[in-house]
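Observations on the three-dimensional arrangement
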Amino acid sequence: MSKEFIGELSLNRAEESFRAGVCFCFFEKSGNWLEKDSYLHPQEHEYFNALKFEKRRKDYLLGRYCAKRAIQVLEQDARPENIFIDHGVFSQPVVINRGNMQVSIAHSGSFGASVAFSESCPMGIDIERVDINKSDVLESQMTKEETKLIDLFPFSYQAALTSLWTSKESLSKALKTGLTTPFHSFEISRIEVEGRYVTGYFRNFAQYKAISFDLNNLVCSITYPKDFKLYIDVNSLENFSVSLRK
């Protein structure tokens, strides 16, 4: 069995708006992810079958499943096995046959996430499990100014660190640079807190911002253009987060 949240995001500014699809998926039992191989395009099947290590196979299948479920929010009649998501030169996912639609993919253990969006309005998504054993690694990637923001978060210290990390990684995905660019270049200069949601603003990429939220000890961040306001079904997302605790 798996638990899923599938929904639509709305991005609006002035007289311009865009739709995006989002999917979060959690596989409750080991091996459940294998049931999703029917979602693969024939060329994806070929790549998947060539993977030798179980973690890479799981991450690949989980990511492709979430991405296609997100695409189906925008194209309800789309058959997942007909959607081909290839790799770009920076290993970023590239949707080959859906017009100008693209996706961003993230996974952490048995949890996967994806956002599908128009290439006209670039986005990125990242998730990480909150893990105290990663504190040293995360702290090493924080600037002095970012460490001053920690106390402003409505999260625990470790979750705040994770939020800063995922915000920056989601930006790297929106820019399609991945980890080829030093993380300090993605420094967050300030944050705004609204309930349990945090919006981070980037010092060197002022045209973007990232919203971060907690999903039962996982932190998710979504980066999108700064001039847009993002609308998401908060109540449904909260209910999904609660279901993960059961």
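Here the structure is shown first, and the text comes after it.
Residues numbered from 1 in each chain as written. Predicted model: local features only at pLDDT ≥ 70, side-chain atom pairs only at ≥ 80, totals over all residues. Heavy atoms only, no water.

**Regarding the packing of helix α1 (residues 42–50) against helix α2 (residues 54–74)**
- α2 packs onto α1 with a crossing angle of 160° between their chain directions and a minimal axis gap of 9 Å. Taken together, the axis directions place α1 and α2 in an arrangement best described as roughly antiparallel. Pair α1 / α2 crosses with left-handed handedness. In contact with Glu-44, Tyr-47, Phe-48 and Asn-49 of α1, α2 contributes Arg-56, Arg-57, Tyr-60, Leu-61, Arg-64 and Lys-68.
- Tallied by class, the residues present in the contact of α1 with α2 amount to 4 nonpolar, 1 polar and 5 charged. (Axes fitted to C-alpha atoms, helices over the stretch in contact; angles between N-to-C directions. Helix = DSSP H or I, 4+ residues; strand = E, 2+ residues; numbered from the N terminus. Parallel < 35°, antiparallel > 145°, perpendicular 65-115°, else oblique. Left-handed = near helix turned anticlockwise from the far one by under 90°. Contact = heavy atoms within 4.5 Å. Nonpolar A, V, L, I, M, F, W, Y, C, P; charged D, E, K, R; others polar.)

**Re the nonpolar core**
- Judged by nonpolar contacts, the single largest core of 30 residues is most densely connected at Leu-9, Phe-24, Met-123, Ile-125, Leu-215 and Ile-222.
- Mapped onto this core, the elements with two or more residues apiece are β1 (2–13), β2 (16–27), β6 (111–118), β7 (124–129), β10 (208–214), β11 (218–225) and α6 (234–243).
- Setting aside chain neighbours within four positions, we find Met-123 in contact with Leu-9, Leu-11, Ala-20, Ser-104, Val-115, Phe-117, Lys-173, Ala-174, Ile-222, Thr-223, Tyr-224 and Leu-230.
- If you look at the next biggest cluster of nonpolar residues, it comprises 26 residues, including Leu-40, Leu-74, Ala-78 and Ala-116. (Core = buried A, V, L, I, M, F, W, Y, C linked by side-chain atoms within 4.5 Å. Buried < 20%, exposed > 50% of the residue type's maximum accessible area, 1.4 Å probe, protein only.)

**Points about the pattern of salt bridges**
- Applying the stated criterion across every chain yields a total of 17 salt bridges.
- For Glu-75, the salt bridge identified is with Arg-98, shortest N-O distance 2.4 Å. Linking Glu-75 in the loop between α2 and β3 (85–87) with Arg-98 in the loop between β4 (93–95) and β5 (101–108), this pair joins segments that are 23 residues apart in sequence.
- Judged by its relative accessible area of 25%, Glu-75 is partly exposed.
- The salt bridge involving Glu-192 is made with Arg-190; its shortest N-O contact spans 3.0 Å.
- Given a relative accessible area of 41%, Arg-190 falls into the partly exposed group. (Salt bridge = Lys/Arg side-chain N within 4 Å of Asp/Glu carboxyl O.)

**A few points about α6**
- Every buried residue belonging to α6 is among Leu-237, Phe-240, Ser-241 and Ser-243, and all of these are buried. The buried residues of α6 all sit within an arc of 160° when viewed along its axis, so they share a single face. Summarising the geometry of α6, the exposed residues directed more than 90 degrees from the buried face are Asn-235 and Asn-239.
- Contact partners of the buried residues in α6: β1, β2, β6, β9 (197–202) and β10. (Arc of directions from axis to C-beta.)

**A short note on the packing of aromatic side chains**
- Using the criterion set out here, one finds 16 aromatic pairs in the structure.
- Ring plane angle 20° and centroid distance 6.4 Å describe the contact between Phe-24 and Phe-240, whose orientation is recorded as stacked. Separated by 216 residues along the polypeptide, Phe-24 in strand β2 and Phe-240 in helix α6 bring together distant segments of the chain. One exposure class covers both Phe-24 and Phe-240, and it is buried.
- An aromatic cluster of at least three residues, connected via ring pairs, comprises Phe-5, Phe-24, Phe-26, Phe-111, Tyr-197, Phe-213 and Phe-240.
- Arg-57 extends its terminal NZ or CZ atom over the ring of Phe-48, reaching a point 4.2 Å from the ring centre.
- Its end group placed over the ring of Tyr-201, Arg-190 keeps NZ or CZ at 3.9 Å from the ring centre. (Phe/Tyr/Trp six-rings, centres within 6.5 Å; stacked < 30°, edge-to-face > 60°. Lys NZ or Arg CZ within 6 Å of the ring centre and 35° of its normal.)

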